Amino acid sequence: MTTRRTPLRVLSRSDLADVPITPVDVVRAVEEAYIALASGDSDNPRKLSVAHPDGWSVAYAMLGRDGRRRVVAMKTSYKFDPSHDRSTKRYYTTITLYDDATGMPIAMMDCARVGALRTPAVSALLVRETIRSDARSVLLIGTGTQGRNALPHLLAANPQLNRLMLYGTHPDGLKAVHEQLAVHHPHTELETVPDPYAAAREADVVLATAGPGTKVALESGDLAPGSVAVLVGYGLAPSALTDADRVVATNAEQMSLTGTDMAGPDGRLRPVDVELPQILSRRGVGRTTDDQRIFVYNSGLVLTDIAVAHALAERAIADGRGTEVPIWD
């Protein structure tokens, strides 16, 4: 009996760095993944984690099955951060895809770009499903990886937003956000604001994507009536959640695990009113009245990683990128 050769295509960070994919394509892939989950076509079990008792490191393992694409995947991430200093921090994340129709491996790939694209696409959908019909203005807080990718994806799903404001403290980051927006929307104006608190009082949408070192913590009173505040990283105080008229999350269970820093004075986390998959499948609604202040919690599901990773892998493999490794020969 002859054993069929089953090489694994390995796609490195550099292989994936410039694979062309538009924000519209990313948003569509992520939305399809959520709808498949809501309909019962896909599976997204709870993630596993292990951590060093002294906080030196933390690792996660996530398994998912995309029933629409017929893809099964495993994602792992490992962060080593003994001194909580950027110079010593190490972070590695990978995802391995298998074709559930043929039983063949598709690729093992670096997951950095996947996360950089998936998260802002999720935010874009969350905003689309929660903003008022007359919403036009957005304040972006933070200029890191998520901040740099936020606006092109936001506009892919919400093209009516036409007043864009940005707050950040790093000149290189501010420049990068402007440049990334210009790639996709060369004629769209982006205003850099000096005071995020004043800007928030005028914004219909606040995207808080700052890193843990930010000094910005918008309270509920800083947010405009009828606004949507999306927490991706940092930039919102716990009152933005505890005082919200409505709470939306990608996944309530994940919010209960990773959002504990947003607990109220009693130490409890405000419960979620509706999850994004319910909204996208039209089994729930994001907003019920125009004057509601809505708090939105964006946490990742591996199914959205699978959707974006599969789209990137298909393009990269078609372009002949990566290295075939005969790991099972």
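Residue positions are counted from 1 within each chain, in the order its sequence is given. Only residues with pLDDT of 70 or above have their local features reported here, since the model is predicted, and side-chain atom pairs are shown and tallied only from 80 upward, although totals for entire chains, interfaces and linings are computed over all residues. The basis for the side-chain values is all heavy atoms of the structure; hydrogens and waters are excluded.

**Here we look at a nonpolar patch on the surface**
Piece 1. There is a patch of nonpolar side chains on the surface, built from Val325, Ile327 and Trp328 and spanning about 280 Å² of accessible area.
Piece 2. A relative accessible area of 52% means that Ile327 is categorised as exposed. Each patch groups residues whose relative accessible area exceeds 30% and which form no salt bridge, using 9 Å between like charges and 5 Å between nonpolar side chains of Val, Leu, Ile, Met, Phe, Trp and Tyr. The method behind every accessible area is Shrake-Rupley, applied with a 1.4 Å probe, and residues are considered shielded solely by the protein chains displayed. The rule for a salt bridge is simple: a side-chain nitrogen of Lys or Arg has to be within 4 Å of a carboxyl oxygen of Asp or Glu. Under the scheme applied here, a residue whose accessible area is under 20% of the maximum for its type counts as buried, over 50% as exposed, and between as partly exposed, the area being computed with a 1.4 Å probe on protein chains only.

**Focus: the domain arrangement of the protein**
Piece 1. Bear in mind that the domain bounds are from an automatic or database domain assignment. Partitioning the protein into domains gives domain 1 (6-114 + 303-317) and domain 2 (118-301).
Piece 2. Each of domain 1 and domain 2 has a C-alpha centre, and these two points are 23 Å apart.
Piece 3. In this description, contact between two residues means that some pair of their heavy atoms is separated by no more than 4.5 Å. Counting from both sides, the interface comprises 20 residues of domain 1 and, opposite them, 22 residues of domain 2.
Piece 4. Carbon and sulfur atoms supply 64% of the area buried between domain 1 and domain 2, which totals about 1,800 Å² over both sides.
Piece 5. Here the quantity called buried area is the accessible surface, traced with a 1.4 Å probe, that two parts lose on coming together, added over both. Three residues stand out in domain 1 for area buried against domain 2, namely Pro23, Val27 and Tyr34, and they jointly supply 34% of the buried area on that side.

**Let's talk about the sheet that holds strand 7 (residues 137-141)**
Piece 1. Read across the open sheet, the eight strands follow the order 9-8-7-10-11-14-12-13; overall the sheet is parallel. At either margin of the open sheet sits one strand with a lone partner, and together these are strand 9 (190-192) and strand 13 (274-275).
Piece 2. Lines fitted to the C-alpha atoms define the axes, with helices restricted to the stretch that makes contact. Angles between their N-to-C directions range from 0 to 180 degrees. Under the DSSP-based scheme used, a helix requires at least four consecutive residues in state H or I and a strand at least two consecutive residues in state E, with every element numbered from the N terminus. Running at roughly 160 degrees to strand 7, helix 4 (residues 145-157) makes contact with strand 7, strand 8 (163-167), strand 9 and strand 10 (205-208) of the sheet. Think of it this way: DSSP has to see at least two bridges between two strands before they count as a pair.

**What to know about the nonpolar core**
Piece 1. Buried Ala, Val, Leu, Ile, Met, Phe, Trp, Tyr and Cys residues that are joined via side-chain atoms within 4.5 Å together make up what is termed a nonpolar core. If you look at the biggest cluster of nonpolar residues, it comprises 62 residues, and the most contacted ones within it are Val30, Ile95, Leu97, Met109, Leu151, Leu207 and Leu312.
Piece 2. Ranked by residues supplied to this core, first place goes to helix 10 (residues 302-318) with nine residues.
Piece 3. Residues lining this core come from more than one domain, with at least three contributed by each of domain 1 (6-114 + 303-317) and domain 2 (118-301).
Piece 4. Ala203, Leu218, Leu231 and Val247 belong to the second largest nonpolar core, which has 26 residues in total.

**Quick look at the environment of Val205**
Piece 1. Topologically, Val205 is positioned in strand 10.
Piece 2. Expressed as a C-alpha distance, the spacing of Val205 and Leu8, which sit 197 residues apart in the sequence, is 43 Å.
Piece 3. Here Val205 is in contact with Val127, Ile131, Ser137, Val138, Leu139 and Val228, once residues within four sequence places are set aside.

**With respect to the side chain of Arg287**
Piece 1. Looking at the element boundaries, Arg287 is found in the loop between helix 9 (276-280) and strand 14 (294-297).
Piece 2. Working convention for charge: Lys and Arg count positive, Asp and Glu count negative, and His plus the chain ends are omitted. Of the buried charged residues, Arg287 lacks a salt bridge, with Asp290 as the closest side chain of opposite charge at 5.3 Å.
Piece 3. Here a polar contact is recorded for every N or O atom pair within 3.5 Å, except that within protein the pair must consist of a potential hydrogen donor and a potential acceptor, and residues adjacent in sequence are included only if both atoms are side-chain atoms. One polar contact links the side chain of Arg287 to the main-chain carbonyl oxygen of Thr130, over a distance of 2.7 Å.
Piece 4. Within the local environment of Arg287, its side chain forms a polar contact with the backbone oxygen of Gly226, the two atoms lying 2.9 Å apart.

**Some points on the environment of Glu202**
Piece 1. Relative to the helices and strands, Glu202 is located in the loop between helix 6 (196-200) and strand 10.
Piece 2. According to the relative accessible area criterion, Glu202 is partly exposed, its value standing at 47%.
Piece 3. Spatially, the C-alpha atoms of Glu202 and Ala73 are 42 Å apart, while their sequence positions differ by 129 residues.

**Section: the pattern of salt bridges**
Piece 1. Overall, the coordinates contain 23 salt bridges when judged by the stated rule.
Piece 2. One salt bridge in this structure joins Arg69 and Glu32, with 3.2 Å as the shortest N-O distance. You can see Arg69 sitting in the loop between strand 3 (57-66) and strand 4 (71-80) and its partner Glu32 sitting in helix 2 (residues 23-38), a full 37 residues away along the chain.
Piece 3. By relative accessible area, which is 38% here, Glu32 ends up partly exposed.
Piece 4. Asp305 serves as the salt-bridge partner of Arg118, at 3.0 Å between the closest nitrogen and oxygen. Of this pair, Arg118 sits in helix 3 (residues 112-128) while Asp305 sits in helix 10, and the two are 187 residues apart along the sequence.
Piece 5. Taking relative accessible area as the criterion, Arg118 reaches 9% and is therefore assigned buried.
Piece 6. One connected set of salt bridges, linked through shared partners, spans Glu31, Arg128, Glu129 and Arg282.

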